[in-house]
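# Results of the structural survey
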Protein chains: 4
Amino acid sequence: MALTGVLRPGYVQVRVLDMEASLVHYRDRIGLDLVEMGADGRAYLKAPDEFDHHSIILREADEPGMDFMGFKVSSDEVLTALGRSLSDSGLSVEEVAAGEQPGLGRRLSFFAPTGHRFELFSSMELSSKGPMIENPDLWHDEPRGMKAQRFDHCLVYGIDIDATARIFVDLLGFQVAEKAVTPDGDTIAIFLSCGMKAHDLALVRFGEDAKLHHVSFRLESWHDIGHAADLMTRYDMSVDIGPTRHGITRGQTIYFFDPSGNRNEVFSGGYDFYPDNPVRQWTADQAGKAIFYYERALNDRFMTVVT
Amino acid sequence: MALTGVLRPGYVQVRVLDMEASLVHYRDRIGLDLVEMGADGRAYLKAPDEFDHHSIILREADEPGMDFMGFKVSSDEVLTALGRSLSDSGLSVEEVAAGEQPGLGRRLSFFAPTGHRFELFSSMELSSKGPMIENPDLWHDEPRGMKAQRFDHCLVYGIDIDATARIFVDLLGFQVAEKAVTPDGDTIAIFLSCGMKAHDLALVRFGEDAKLHHVSFRLESWHDIGHAADLMTRYDMSVDIGPTRHGITRGQTIYFFDPSGNRNEVFSGGYDFYPDNPVRQWTADQAGKAIFYYERALNDRFMTVVT
Amino acid sequence: MALTGVLRPGYVQVRVLDMEASLVHYRDRIGLDLVEMGADGRAYLKAPDEFDHHSIILREADEPGMDFMGFKVSSDEVLTALGRSLSDSGLSVEEVAAGEQPGLGRRLSFFAPTGHRFELFSSMELSSKGPMIENPDLWHDEPRGMKAQRFDHCLVYGIDIDATARIFVDLLGFQVAEKAVTPDGDTIAIFLSCGMKAHDLALVRFGEDAKLHHVSFRLESWHDIGHAADLMTRYDMSVDIGPTRHGITRGQTIYFFDPSGNRNEVFSGGYDFYPDNPVRQWTADQAGKAIFYYERALNDRFMTVVT
Amino acid sequence: MALTGVLRPGYVQVRVLDMEASLVHYRDRIGLDLVEMGADGRAYLKAPDEFDHHSIILREADEPGMDFMGFKVSSDEVLTALGRSLSDSGLSVEEVAAGEQPGLGRRLSFFAPTGHRFELFSSMELSSKGPMIENPDLWHDEPRGMKAQRFDHCLVYGIDIDATARIFVDLLGFQVAEKAVTPDGDTIAIFLSCGMKAHDLALVRFGEDAKLHHVSFRLESWHDIGHAADLMTRYDMSVDIGPTRHGITRGQTIYFFDPSGNRNEVFSGGYDFYPDNPVRQWTADQAGKAIFYYERALNDRFMTVVT
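Residues numbered from 1 in each chain as written. Chains lettered and ligands numbered in written order. Predicted model: local features only at pLDDT ≥ 70, side-chain atom pairs only at ≥ 80, totals over all residues. Heavy atoms only, no water.

- An unreviewed UniProt entry lists chain A under the name Metapyrocatechase, with Sphingobium phenoxybenzoativorans as the source organism.
- As stated in UniProt under Cofactor (unreviewed entry), the record for chain A gives "Fe(2+)".
- Taken from UniProt, the Catalytic activity (unreviewed entry) comment for chain A reads in full: "catechol + O2 = (2Z,4E)-2-hydroxy-6-oxohexa-2,4-dienoate + H(+)". (UniProt positions renumbered as here; feature names shortened; annotations may be inferred.)

## A closer look at the packing of helix H4 (residues 222–234) of chain B against helix H4 (residues 222–234) of chain D
- Remark: H4(B) packs on H4(D), axes separated minimally by 9 Å, with the N-to-C direction vectors making an angle of 100 degrees. Here H4(D) runs roughly perpendicular to H4(B), going by the angle between their axes. Facing Trp222(B), His223(B) and Gly226(B) of H4(B), the residues of H4(D) in contact are Trp222(D), His223(D) and Gly226(D).
- For the contact of H4(B) with H4(D), a count of residues per class yields two nonpolar, four polar and no charged. (Axes fitted to C-alpha atoms, helices over the stretch in contact; angles between N-to-C directions. Helix = DSSP H or I, 4+ residues; strand = E, 2+ residues; numbered from the N terminus. Parallel < 35°, antiparallel > 145°, perpendicular 65-115°, else oblique. Contact = heavy atoms within 4.5 Å. Nonpolar A, V, L, I, M, F, W, Y, C, P; charged D, E, K, R; others polar.)

## A short note on the UniProt feature "domain: VOC" (unreviewed entry) in chain A
All names here are of chain A.
- When the UniProt feature table is mapped to this numbering, "domain: VOC" (unreviewed entry) covers residues 8–123 and 150–269.
- Across residues 8–123 one finds 21% helix and 39% strand; the C-alpha atoms that close the span lie 13 Å apart.
- In the segment residues 150–269, helix accounts for 20% and strand for 48%; the C-alpha atoms at its two ends are 13 Å apart.

## Overview of unusual backbone geometry
- In this chain, Gly242(C) is followed by Pro243(C) through a cis amide linkage whose omega measures 5 degrees.
- Examined against the element boundaries, Pro243(C) turns out to sit in strand S15 (residues 239–245).
- Look at Arg296(A): it is not a glycine, yet its phi comes out positive at around 55 degrees.
- Position of Arg296(A) among the secondary structure elements: in the loop between helix H5 (287–291) and helix H6 (300–304).

## So, the packing of aromatic side chains
- For the structure shown, the criterion picks out 64 aromatic pairs over all chains.
- These aromatic residues form a ring-pair network of at least three members: Phe71(A), Phe110(A), Phe118(A), Phe168(A) and Phe174(A).
- The ring of Phe68(D) has Arg107(D) sitting right over it, with the charged end atom 5.2 Å from the ring centre. (Phe/Tyr/Trp six-rings, centres within 6.5 Å; stacked < 30°, edge-to-face > 60°. Lys NZ or Arg CZ within 6 Å of the ring centre and 35° of its normal.)

## Side note on the relation of the copies chain D and chain C
- In screw terms, the move from chain D to chain C is a rotation of 180 degrees and a rise of 0.0 Å along the axis, fitting with an RMSD of 0.0 Å. Each copy turns onto its partner about a two-fold axis. Distance from the rotation axis, computed per C-alpha, reaches its smallest value in chain D at Leu3(D): 2.2 Å.
- A shared interface surface links the copies, since 100% of the contact residues of chain D are contact residues in chain C too. (Least-squares fit on C-alpha atoms with pLDDT ≥ 70 in both.)

## Digging into the interface of chain D and chain C
- Contact residues are listed per partner, giving 47 residues for chain D and 48 residues for chain C.
- Together, the buried faces of chain D and chain C total about 4600 Å²; carbon and sulfur atoms form 56% of this surface.
- Our enumeration of links across chain D and chain C arrives at eight salt bridges.
- The partner of Asp276(D) in a salt bridge is Arg8(C), and the shortest N-O contact between them spans 2.7 Å.
- Between chain D and chain C we count 18 residue pairs in polar contact (both at pLDDT 80 or more) in total.
- Elements with a contribution of two residues or more to the side of chain D that touches chain C: strand S1 (2–4), strand S2 (6–16) and strand S18 (280–283) of chain D.
- Here the element with the most residues in the side of chain D that touches chain C is S18(D); it accounts for four residues.
- Across three bridges, strand S1 (residues 2–4) of chain C lies against S1(D) in antiparallel orientation. Note on S1(D): the bridge partner recorded for Leu3(C) is Leu3(D). (Buried area = accessible area lost by both parts, 1.4 Å probe. Salt bridge = Lys/Arg side-chain N within 4 Å of Asp/Glu carboxyl O. Polar contact = N/O pair within 3.5 Å; in protein donor to acceptor, adjacent residues only side chain to side chain. Pairing = 2+ DSSP bridges.)

## With respect to the relation of the copies chain A and chain B
- Once chain A has been moved 0.0 Å along the axis and rotated by 180 degrees, it coincides with chain B to within an RMSD of 0.0 Å.
- Of the interface residues in chain A, 98% have counterparts in chain B that sit at the interface too, so the contact is made through matching surfaces.

## Description of the interface of chain A and chain B
- Every contact between the two is made by 49 residues of chain A and, on the other side, 48 residues of chain B.
- Of the roughly 4600 Å² buried at the junction of chain A and chain B (both faces included), carbon and sulfur atoms supply 55%.
- Linking chain A to chain B there are eight salt bridges.
- Our count for the chain A to chain B interface comes out at 18 residue pairs in polar contact (both at pLDDT 80 or more).
- Of all the secondary-structure elements, those providing two or more residues to the side of chain A that touches chain B are strand S1 (2–4), strand S2 (6–16) and strand S18 (280–283) of chain A.
- The residue makeup of the side of chain A that touches chain B, split by class, is 24 nonpolar, 10 polar and 15 charged.

## Looking at the sheet that holds S18(D)
Residue and element names in this part refer to chain D.
- With mixed pairing, nine strands are arranged side by side in an open sheet as S15-S16-S17-S14-S10-S13-S12-S11-S18. The strands lining the two open edges of the sheet, one partner per strand, are strand S15 (239–245) and S18. Between one strand axis and the next, the sheet turns by 15 degrees as a mean value, whatever way the strands run.
- Summarising the sheet, strand S16 (residues 251–257) and strand S17 (residues 263–269) pair through seven bridges and their orientation is antiparallel. Directly across from Gln252, in S17, lies its bridge partner Ser268.
- Sheet strands in contact with H4 are S15, S16 and S17, and its direction is about 20 degrees off that of S16.

## So, the pairing of strand S12 (residues 187–193) of chain A
Residue and element names in this part refer to chain A.
- Of all seven residues in S12, six are buried, a share of seventy percent or more.
- Both strand S11 (residues 175–181) and S12 contribute to a ladder of six bridges, which runs antiparallel. Each bridged residue has a counterpart across the sheet, and for Lys179 the counterpart in S12 is Ile190.
- Between S11 and S12, which pair antiparallel one after the other, the connecting turn spans five residues, and Gly185 there sits at a positive phi close to 90 degrees. (Buried < 20%, exposed > 50% of the residue type's maximum accessible area, 1.4 Å probe, protein only.)

## Some words on helix H1 (residues 19–29) of chain A
Residues and elements named next belong to chain A.
- All of the buried residues in H1 are Met19, Ser22, Leu23, His25, Tyr26 and Arg29.
- The opening residue of H1, the one whose side-chain oxygen lies 3.0 Å from the backbone nitrogen of Glu20, is Asp18.
- Immediately beyond the C-terminal end of H1, within one or two residues, lies Gly31, with a positive phi of roughly 95 degrees.

## What to know about the pattern of salt bridges
- Evaluation of the coordinates by the stated rule reveals 104 salt bridges over all chains.
- Where salt bridges share partners, they join Asp40(A), Arg42(A), Glu100(A), Arg107(A), Arg117(A) and Glu119(A) into one cluster.

## Things to note about the domain arrangement of chain A
Residues and elements named next belong to chain A.
- Under the domain assignment used here, chain A contains domain 1 (6–121) and domain 2 (152–303).
- If you average the C-alpha positions of domain 1 and of domain 2, the two centres end up 20 Å apart.
- At the interface, 36 residues of domain 1 touch 36 residues of domain 2.
- Of the roughly 2700 Å² buried between domain 1 and domain 2 on both sides combined, carbon and sulfur atoms contribute 74%.
- Inspection of the domain 1/domain 2 interface yields zero salt bridges.
- In this structure, the connection of domain 1 to domain 2 is made through 10 residue pairs in polar contact (both at pLDDT 80 or more).
- Contributions of two or more residues to the side of domain 1 that touches domain 2 are made by S2, H1, strand S6 (65–73), helix H2 (76–88) and strand S9 (117–121).
- Counting residues per element, the side of domain 1 that touches domain 2 draws most heavily on S2, at eight residues.
- Of the residues assigned to the side of domain 1 that touches domain 2, the class counts are 24 nonpolar, eight polar and four charged. (Domains from an automatic or database assignment.)

Written out as structure tokens, the structure is:
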């Protein structure tokens, strides 16, 4: 009991156009540790507060976007049970054997109705760059760049987000933390939690499937959000919006782009979510405030630029 | 799945010597909302970020200390099942009927081997002072005093903390986040989580049972910890130690006392805990750093002053 | 020696359309103390960290804007000498007798070439709401609203800013901290310091004279800037831009509007200025970054909306 | 006018026992830039926000302490005039020729009644590591370690602090910002400002002359004070006290020691001082709160450990 089943977002594989520039971005600017370069050229990175071997995988490709996002579950038995549950619902579930990524055990993979590939896994080696365990100091090395602590969540865009949300809620045990709805009751955005964070996965309705809106990294505080903004200008990085705050989740945020055009977020704050919390609801006329609490208006990029 | 079973600390009933002074302390200084005064003179308070009717109960008495601490569970079925599990283990479980506290449903109560009374409940009315739900702003009213967001956890002292910990781990599904051990392998302190916080309940070995070390409140950031320290001096409040940081949990902290001598804590930061994290272990020779990371030494009060 | 002559911005008189709404804005939101309402209906306010009787004067009028801005000088002798210096330069200097504002001694008043009325004074009564002097606590009362600490500076718009700047530099002893220049060498903005702040008065070239761009208030930190932004949305205040940072001065900032349309700023950070510092220079093509370091682009409002 | 005469603390020469360890301390931990190693083995460092060639000079010696502290004055004429003024008062003033330190012009040196050697200078080369001047970014390189921005002030201990204070006030134009006095009216501590900072030099009465209590470095905020504390434990540095706040100056602080036993301080916050501010006075019975606002008690080290 307590936290079981799906525990958290475990990894995301992102397509990048130029590996060298991407490593500067994710390692030196965002502050991830490069764990290793795979034999096939993929880069495996992790944030300093994560125990597992890696959480961010970069794959060089011709166009940006997200290959897949994987969630860690609490045990191999749970993995098997959840896989069966997904299969029973009619989804095609593929097993990827252990070792396809270094340190990672077997995974179950499926395509959600919005065209995104999601995965489940229960076993990953511990990283040698994880937090200390014996008489632990705060960190091995001083945090670097934007000082990302964790890979936090993804926001993805697609057509039938209700159907994708049903899989996560009904089959995988996620809770709805917040949603935005039209006057007709149609969901335009839904924020799903598998633990105590305001969101581990967010879905926004969009005219095209399989799109990535952003990959988000956790920072410690609003102070670090400000420092991240300083870095973005110092290094001429492409910024979407921020520093600002979301009405949804209450998180403090900057949206910016990696060198390939994938949107990233640095995120801090937000409330502690519990499954007995009432669902926070936003009406479409307040969508601006929901997304950008300070500006109280959406920008076009938020609605249209995805990879 | 996800977060089920025991969700979080729900309430704590604290004995105070002078209700008027205590209300100034908890309401005006710590920043809780006074929900109502009960017919029997008890005061019901809550922090602004909590949905439930109340989380802190003050009872006027001749000596300070903790009457009981209650944990919220995910459903009435779970409540029944956990109660049976406790009974089956040989504990005497008493049911307290709904309504003994305003807004609170039936509870199951038991005494742990360390002499502390713990309770479980699944149902509490929503407070009208909880977070907004429809197009929510950050808060109704500007945060006040130390700007406590939530009742976070308790640390209690007693003799056989191993036995009490076993109940929480084996029967109630808690996880061990951190512990401190002697060279002989005896546990001197253990930090237990039922969700994603580094601790929801902490136990320290002590020569006497049924003792309260502190009741902790969540603040947003180190900045707010500093502001809390400013308030403590401005209002001549009794401070134990801080601002400092814990090695255990990594939380930023001040220990201080309410007018009755009960220790309080304001707490921010700390890592996100997951049940697959390795247990962080501290050796006895590093206990100073474990407790007070900056001072790297215990003070006598930490070890001896309890209520 | 050390700091002599003109010490700092002492007061600004702002025209407001609705006194009641303005008091809510400046007192409850920005966090100034209302010192007194004058017999003629003007409101006198001050920030908690100021010793003098008042720093902000609100006058109800039919259109918004700035009536005048006054600088405090170090002594009555200096006041006389500076007045003579201004007169000798051909400016018409008017003496306003003590008592025209409560607590304020005699002032010397002149119109700068950009049409703004500036004043000098050396004597103002101490406020009973100033900082403590004997065994001082941080503050009498907990800071309120945005927690403004001081009236910091004004930015004004006008045609011949070079001529106005010459008065402040050549006659009043100000130093140029930063300026922005066109490729032809024309100054488009100039930031003047009479002490150790990056600016006490700023001038921007504009097609019309006697215009107020903003009145700025000092906050303690970026954290407080964020809190101010939270308040602005909570209370539906009109925001221009921010939270962001200026390239010029390095200050962290939000521009927003009072209920009459006068722009205000809350400002924190910025470097310590010394008169031997090289003048920091900005080229016109970098004006966006100079003004809004994070956005790296000007918004139209910055250039056109003044009172 | 405005800021003239003595501008600020310009440099301090500190004796260290082990140059290598000291460089790790001042460069890697505190975050200064090493400008150059002199031919005679002295190390010249500066903080990133300073324009001048250097501000901290380390000299390897057999015992720790301060060789001298130098103040920058506004011009060579002022330097000559101040030197004459010191001589006329009966002090022996020695001129040190330009070039004794790299980048530094001629200096005037004298011993104050408390046995400390102070210097005045007006000319120092600009450092190539100073702040940017043309379209300046916030910094060249990301701030490092504790992210010191400036050398801020020194606190020195000696017998006749009144006599030393008179030199700074009567001859060098400093202002008294705060002082602590015994019931008999004897000054036990005095805080002197030559600009807008709460102190540029502080003197505490002590039974021995020529002692250094601490060299202080400016940090940006309370957040950075917390980060500095994290570093001190991470690198097993010797800490005196903190994070805490001073009642005097209101600064947020940590006292710690360099590897040679010289006390350092990291300092943030504090009010803007102006020469027309009333002198803040502390009585001896409130000395604890004056020095350590949170603890409200002095520790022995503060009173006795000096170099």
